[in-house]
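Here are the chains, one letter per residue:
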Amino acid sequence: MTGQIITVANSKGGVGKTTTCVSLAEGFAAEGRKVLLIDLDMQANASMLVFGAEGDERLFQAISEEKTVTEYLNENFFGERLVPLSQFVTRQAGDVSHAGRQLDVSLVASSPGLRRTERELIYALTEKGYAMRAIESRVGNRLRRDLNKLREQYDMIICDCPPGISAMTESVLATSDLIIVPTIPDFMSTLGLDLFTGDVMTHLRDRGVERKPLVLATRYTSSPHQRIVLKAMNDGAREPESEYTLLETTIPSSPDFAVNPIELGVQPTLGQKWGGDALVILNALLMEVKDHLHEPAH
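Residues numbered from 1 in each chain as written. Predicted model: local features only at pLDDT ≥ 70, side-chain atom pairs only at ≥ 80, totals over all residues. Heavy atoms only, no water.

## Notes on the layout of surface pockets
Unfilled space is identified by rolling a water-sized probe across the atoms.
At step 1: Reported here for the largest pocket is a volume of approximately 520 Å³.
At step 2: Every element with two or more residues in the lining of the largest pocket is listed here: helix 1 (17-30), helix 2 (45-51), strand 8 (214-220), strand 9 (245-252) and helix 12 (278-292).
At step 3: For the lining of the largest pocket, the residue count by class is 13 nonpolar, 12 polar and six charged. (1 Å grid on protein atoms, 1.4 Å probe; cavity = no way out; pocket = protein on both sides within 12 Å on 5 of 7 lines; lining within 4 Å. Points joined across faces, edges and corners; volume = space filled by probe spheres on them. Helix = DSSP H or I, 4+ residues; strand = E, 2+ residues; numbered from the N terminus. Nonpolar A, V, L, I, M, F, W, Y, C, P; charged D, E, K, R; others polar.)

## A word on the nonpolar core
At step 1: Counting 45 residues, the largest nonpolar core has Leu36, Ile38, Leu85, Val108, Ile157, Phe196 and Met233 as its most contacted members.
At step 2: Once you skip the residues sitting within four places of it in the chain, Phe196 turns out to touch Ala9, Asn10, Ser11, Ile165, Leu173, Ile179, Val181, Met201 and Pro213.
At step 3: Grouped together as the second largest cluster of nonpolar side chains are 42 residues, Leu178, Trp274, Ile281 and Leu293 included. (Core = buried A, V, L, I, M, F, W, Y, C linked by side-chain atoms within 4.5 Å. Buried < 20%, exposed > 50% of the residue type's maximum accessible area, 1.4 Å probe, protein only. Contact = heavy atoms within 4.5 Å.)

## Concerning helix 4 (residues 69-78)
At step 1: Burial of helix 4 is extensive: eight of the 10 residues sit out of reach of the surface.
At step 2: When helix 4 is considered as a whole, its buried residues turn out to be Val69, Thr70, Glu71, Tyr72, Leu73, Glu75, Asn76 and Phe77.

## Considerations on the sheet that holds strand 6 (residues 156-160)
At step 1: Sheet architecture is open: seven strands sit in the order 5-2-6-1-7-8-9, paired in parallel fashion. The two strands at the open ends of the sheet, each matched to only one other strand, are strand 5 (105-108) and strand 9. Each strand of the sheet is rotated relative to its neighbour by a mean of 20°, with strand direction disregarded.
At step 2: Of the strand pairs in this sheet, strand 1 (residues 4-8) and strand 6 are connected by five bridges, and their pairing is parallel. Each residue of the ladder has a partner; that of Val8, found in strand 6, is Asp160.
At step 3: Sheet strands touched by helix 9 (residues 224-238): strand 7 (178-183), strand 8 and strand 9. Its angle to strand 8, the strand with the most contacts, is close to 175°. (Pairing = 2+ DSSP bridges. Axes fitted to C-alpha atoms, helices over the stretch in contact; angles between N-to-C directions.)

## Remarks on the packing of aromatic side chains
At step 1: By the definition in use, this model includes two aromatic pairs.
At step 2: Between Tyr72 and Phe88, the aromatic rings sit 5.8 Å apart at their centres with planes inclined by 80°, giving edge-to-face as the arrangement. On the criterion of sequence distance, the pair formed by Tyr72 in helix 4 and Phe88 in the loop between helix 4 and strand 3 (97-98) is long-range, its members being 16 residues apart. Taken individually, Tyr72 and Phe88 each receive the classification buried, so the pair is uniform in this respect.
At step 3: Across the ring face of Tyr154, the terminal group of Lys34 is positioned such that the distance to the ring centre comes to 5.2 Å. (Phe/Tyr/Trp six-rings, centres within 6.5 Å; stacked < 30°, edge-to-face > 60°. Lys NZ or Arg CZ within 6 Å of the ring centre and 35° of its normal.)

## Topic: the side chain of Lys290
At step 1: Secondary-structure assignment places Lys290 in helix 12.
At step 2: By relative accessible area, Lys290 is classed as buried at 1%.
At step 3: Within the local environment of Lys290, its side chain forms a polar contact with the side chain of Glu31, the two groups lying 2.7 Å apart. (Polar contact = N/O pair within 3.5 Å; in protein donor to acceptor, adjacent residues only side chain to side chain.)

## Re the environment of Lys149
At step 1: Positionally, Lys149 belongs in helix 6 (residues 132-150).
At step 2: Spatially, the C-alpha atom of Lys149 lies 9.6 Å from that of Thr2, the residues being 147 residues apart in sequence.

## What to know about the state of the cysteines
At step 1: The tally for this structure, following the rule as stated, stands at zero disulfides.
At step 2: No disulfide involves Cys159; its sulfur sits 6.3 Å from that of Cys161, the nearest cysteine. (Disulfide = S-S within 2.5 Å.)

## So, the packing of helix 5 (residues 114-127) against helix 6
Each pair of packed helices gets described by two things: the angle between the helix axes and the distance between those axes.
At step 1: Direction vectors running N to C along helix 5 and helix 6 enclose 120°, while the axes themselves pass 10 Å from each other. Along this stretch, helix 5 crosses helix 6, giving a crossing that reads as right-handed. Across the interface between the two elements, Leu121, Ile122, Leu125 and Thr126 of helix 5 pack against Met132, Ile135, Arg138 and Val139 of helix 6.
At step 2: In terms of residue class, the contact of helix 5 with helix 6 is made up of six nonpolar, one polar and one charged. (Left-handed = near helix turned anticlockwise from the far one by under 90°.)

If you want it as structure tokens, here you go:
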């Protein structure tokens, strides 16, 4: 069976994208799936969260061994050879176990140099006479080929995107089977949702992307303001011309979803990493996501 790609993105930062990515990756792996997480954010938070208690050391090792998405760009667009994305994968990167076995979560790590490399790539191709659309096409075609090859090796590929939309992010979105947009139900965050479902999705539809993004309400406190905004999001999703589908699962603002890997120690269990009600909520989210992927529940 061909693997499926889920991309988690939002034009706004601080809405829980990384937590959503890592929890989904580890949740699918706990079901016995072979999972690859691709970190496209220069902050590398997803990389650190997957690597776990020794995240600093393991990220430094990945950067030293040139096994990051930054080096993928360097090799394929500044180097003299094409190197597939599979060569930049750290296999069995996670340190979490479930039912007595290590979860099969591999990783293409990010690095702090990613944003600079993306910017230099645009400058270099612009100097060669490429228009912005042509740059997006060149980067996108290469990335899509590699992602489609990775579908043959992994059951699930989950991509964590930075705030804003870059050429790489847009290419990943265009290749995805499912797009999830974490959104805090408050006034400022819904502005980011409007931008994403408007400008970004309109551009993606021009490239043949027809499926509506799934909006996931995150960091929910059930305050009067958030209850009003969440109801408005629900009402908006029910409109015939709605630009998005709202997931029923709501991620609460809870320390169970913000655990410091260092505090967990080496090789925690899935239940330790996602403690309290977090694992129950994660399983509910997995069920919904699988329904939208048109998969039977396990």
